[in-house]
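Listed here are the chains, written in short residue letters.
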Amino acid sequence: MPFYVSREAPKLWRKICTETSIEVSFVAENWKFLLGGLIFQYLHGLAAHGVHYLHRPGPILQDSGYFLVPELGQERAYISETLFASIFCSFILWTIHPFFFQSKKIYTVLIWCRVLAYLVVSQILRIITFYSTQLPGPNYHCREGSRLARLPPPRSAIEVLLINFPHGVIHGCGDLIFSSHMIFTLVFVRTYQKYGTNRYIKQFSWLLAVILSILIIASRKHYTVDVVVAWYTVNLVAFFVDHRIPELPDRSIGSTSSSLLPLSTKDKDSRNREELLKFLNGNSADITD
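This write-up is about the structure you can find in this document. Since the structure is predicted, the reported quantities are computational estimates derived from the model, not experimental observations.

### Some remarks on the overall build of the protein chain
For step 1, the next point in the chain: Helices and strands together make up the secondary structure of the protein chain, namely 11 helices and zero strands.
For step 2, the next point in the chain: Counting only residues that meet the buried cut, the protein chain has 47% of its 289 residues in that class.
For step 3, the next point in the chain: Across the protein chain, contacts joining residues at least 24 apart in sequence account for 86% of those joining residues at least 6 apart.
For step 4, the next point in the chain: For the protein chain, the computed accessible surface area is about 15600 Å², with 67% contributed by carbon and sulfur atoms.

### Here we look at a nonpolar patch on the surface
For step 1, the next point in the chain: Together, Val 27, Trp 31, Leu 35, Ile 39, Tyr 42, Leu 43, Ile 158, Leu 161 and Leu 162 give the surface a local cluster of nonpolar side chains, amounting to about 830 Å² of exposed area.
For step 2, the next point in the chain: The greatest single-element share of the nonpolar patch, amounting to six residues, is contributed by helix H1 (residues 2–52).
For step 3, the next point in the chain: Note that Leu 162 resides in the loop between helix H5 (157–161) and helix H6 (167–170).

### Here we look at the pattern of salt bridges
For step 1, the next point in the chain: Applying the stated criterion across every chain yields a total of eight salt bridges.
For step 2, the next point in the chain: In this structure, Arg 126 and Asp 175 form a salt bridge, with 3.1 Å as the shortest nitrogen-oxygen distance. In this pair, Arg 126 sits in helix H4 (residues 108–132) while Asp 175 sits in the loop between H6 and helix H7 (180–195), placing the two residues 49 residues apart along the sequence. There is no split in this pair, since Arg 126 and Asp 175 are both buried.
For step 3, the next point in the chain: The shortest N-O distance in the salt bridge between Asp 242 and Lys 194 comes to 3.4 Å. Taken together, the positions of Asp 242 in helix H9 (residues 224–242) and Lys 194 in helix H7 put the pair 48 residues apart, joining distant regions of the chain.
For step 4, the next point in the chain: Of the residues examined, Asp 242 reaches a relative accessible area of 16% and is grouped as buried.
For step 5, the next point in the chain: Judged by its relative accessible area of 32%, Lys 194 falls in the partly exposed class.

### Things to note about the nonpolar core
One recurring pattern in soluble globular proteins: nonpolar side chains tend to sit buried together.
For step 1, the next point in the chain: Within the largest apolar cluster, 50 residues are counted, with the highest numbers of intra-cluster contacts made by Trp 94, Leu 119, Met 182, Val 187 and Leu 212.
For step 2, the next point in the chain: Counting residues per element, the ones that place at least two in this core are H1, helix H3 (78–95), H4, H7, helix H8 (199–218) and H9.
For step 3, the next point in the chain: In this view, Leu 119 contacts Gln 41, Ile 183, Phe 184 and Val 187; residues no more than four positions away in its chain are not counted.
For step 4, the next point in the chain: Core analysis: the next-biggest nonpolar cluster, separate from the first, contains seven residues, Phe 40, Ala 47, Val 120 and Phe 130 among them.

### Thoughts on H9
The periodicity of an α-helix, 3.6 residues per turn, causes residues three or four places apart in sequence to face the same way.
For step 1, the next point in the chain: Compared with the 27 Å implied by 1.5 Å per residue over 19 residues, the 28 Å span of H9 between its first and last C-alpha is a close match.
For step 2, the next point in the chain: Those residues of H9 that sit buried are Thr 224, Asp 226, Val 227, Val 229, Ala 230, Thr 233, Val 234, Val 237, Ala 238, Val 241 and Asp 242.
For step 3, the next point in the chain: Elements in contact with the buried residues of H9: helix H2 (64–68), H4, H7 and H8.

### What about the environment of Tyr 78?
For step 1, the next point in the chain: Within the fold, Tyr 78 resides in helix H3.
For step 2, the next point in the chain: When the C-alpha atoms of Tyr 78 and Leu 215 are compared, they prove to be 9.9 Å apart, with 137 residues separating the residues in sequence.

### What to know about the layout of surface pockets
Using a probe with the size of a water molecule, rolled over the atoms, empty space left in the structure can be pinpointed.
For step 1, the next point in the chain: Roughly 590 Å³ of internal volume is contained in the second largest pocket.
For step 2, the next point in the chain: Looking at the second largest pocket, it is lined by 25 residues, and the ones nearest its centre are Ser 90, Trp 94, Tyr 192, Asn 198 and Ile 201.
For step 3, the next point in the chain: Broken down by secondary-structure element, the contributors of at least two residues to the lining of the second largest pocket are H3, H7 and H8.
For step 4, the next point in the chain: When residues in the lining of the second largest pocket are grouped by element, the largest group, six residues, is from H3.

### What about the packing of H8 against H9?
For step 1, the next point in the chain: Where H8 contacts H9, the two axes come as close as 8 Å, and the packing angle between them is 150 degrees. The orientation of H8 relative to H9 falls into the category roughly antiparallel. Once H8 is placed against H9, the crossing between them reads as right-handed. Taking contact as the criterion, the partners of Trp 206, Ala 209, Val 210, Ser 213, Ile 216 and Ile 217 in H8 are, on H9, Thr 224, Val 227, Trp 231 and Asn 235.
For step 2, the next point in the chain: Here the residues of the contact of H8 with H9 sort into seven nonpolar, three polar and no charged.

Conventions adopted
Residues numbered from 1 in each chain as written. Predicted model: local features only at pLDDT ≥ 70, side-chain atom pairs only at ≥ 80, totals over all residues. Heavy atoms only, no water. Helix = DSSP H or I, 4+ residues; strand = E, 2+ residues; numbered from the N terminus. Buried < 20%, exposed > 50% of the residue type's maximum accessible area, 1.4 Å probe, protein only. Contact = heavy atoms within 4.5 Å. Areas by Shrake-Rupley, 256 points an atom, 1.4 Å probe, with all protein chains shown as cover. Patch = residues over 30% accessible without salt bridge, like charges linked within 9 Å, V, L, I, M, F, W, Y side chains within 5 Å. Salt bridge = Lys/Arg side-chain N within 4 Å of Asp/Glu carboxyl O. Core = buried A, V, L, I, M, F, W, Y, C linked by side-chain atoms within 4.5 Å. Expected span 1.5 Å × (residues − 1). 1 Å grid on protein atoms, 1.4 Å probe; cavity = no way out; pocket = protein on both sides within 12 Å on 5 of 7 lines; lining within 4 Å. Points joined across faces, edges and corners; volume = space filled by probe spheres on them. Axes fitted to C-alpha atoms, helices over the stretch in contact; angles between N-to-C directions. Parallel < 35°, antiparallel > 145°, perpendicular 65-115°, else oblique. Left-handed = near helix turned anticlockwise from the far one by under 90°. Nonpolar A, V, L, I, M, F, W, Y, C, P; charged D, E, K, R; others polar.

Right, dumping it as structure tokens:
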């Protein structure tokens, strides 16, 4: 076994280098789109921090979900965050699997371009919504009597632009309709539903999205309406985006092996070289159009 690993390690390294060359070519073509999407993530955080200055704590609104779902309590609020972090990290690992696995269906850069398109449109709608009406936050640190429920006027523009990171991100108030956690979760689950290959993981992903929805309500981090609106808004946004931008190329044709280390057959090595040359020579227009 050690001999096999030592023999195959250089091939894995060559595969990573080849895949990196292909992805770099896509970055060169789409860097403006990627940069814009990443910058908007900051702008979305800035908007969420800004609405905290407008937040006014008050009595928790009547919510049907609160009657149906028992309250977890402040000491168990970490459960929903742990599940969300697991979904987030799992999706990132899936998007980079083409660097390591022989069997692959996606290009990492192109899948993230699409994910950022989903996120940006959904977040624009979210910003418009929570600035239209500020509801009293149901989270524990947003309730009456909490020193975090209201922010004093900023002393400088730098204080606002830095979003009081990370404290301001974790203990925000006022950015309720609709849930940002559910935006990311549903975008990730929908993306894997469309471009993933394992049917059982797809079904399990949707189950996790439902469980996370219930946990968010049980943790009193959002009202039920925040979660419900996220479910149909994100799906409608994804439907709209899918009809406005070109479909992604499917790399799964001809790739049948699922082992972590590349197999030692010459045809697979030559296929990787041909794929690299295809993109380096600028002949990928028929794929990306």
